[in-house]
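Observations on the three-dimensional arrangement
Here's the letter readout for the chains.
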Amino acid sequence: VQALVRIRFVGLRAGAQPFVGGVRYYSQEAYVPRGREPLSVRILAEGFQPIEFELVPERDQDVALPVMLPAPAPAPGPAAGRPGTG
């Protein structure tokens, strides 16, 4: 039986979804097998830029997350009916 370690995301935005090693978690804590290989972490929240980093799950740890930045506004597409195009 492989030991598990606890990863707790401090400052997780309400509604944000943490993914650790490609697995989605539904709280601010993830329990993953102890290991020495880095795991990819993605924090996703609608309307915000993702946070991405790696961590090595050798021990229980608290991970302080940076503030999530708003996603950039989509670039405007070609305007329909622009003057001088018809």
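Not measured: the values here are computed from a predicted model.

With respect to the sheet that holds strand β1 (residues 4–10)
Read from one edge to the other, the open sheet built from three strands follows the order β4-β1-β7, with strand pairing classed as mixed. Both outer strands of the open sheet, β4 (29–33) and β7 (61–64), are each paired with one neighbouring strand and no more. Going from strand to strand, the sheet's axes swing by 25° on average, the running direction of each strand aside. Relative to β4, β1 is paired through five bridges, and the arrangement is antiparallel. Its bridge partner lying in β4, V5 is registered against V32.

Looking at the pairing of strand β6 (residues 51–55)
Working note: regular strand, side chains alternate between the two faces of the sheet. Two strands pair when backbone bridges link them, and strand β5 (residues 39–44) and β6 are joined in this way by five bridges, in the antiparallel orientation. The residue bridging L39 from the neighbouring strand is L55, located in β6. Linkage of β5 to β6, two consecutive antiparallel strands, is achieved through a turn of six residues, within which G47 is found at a positive phi near 85°.

Rules and cut-offs
All chains use their own residue numbering, which begins from 1 and follows the written sequence. Where totals are concerned, whole chains, interfaces and linings use all residues; where local detail is concerned, this predicted model gives features only for residues with pLDDT of at least 70, and gives and counts side-chain atom pairs only at 80 or more. Here the side-chain values reflect all heavy atoms present in the structure, with hydrogen atoms and water set aside. At least two bridges found by DSSP between two strands is the condition for calling them paired. Strands are runs of DSSP state E lasting at least two residues, helices are runs of H or I lasting at least four, and both sets are numbered from the N terminus onward. All axes here are fitted lines through C-alpha atoms, helices being fitted over the stretch that makes contact, and every angle between N-to-C directions spans 0 to 180 degrees.

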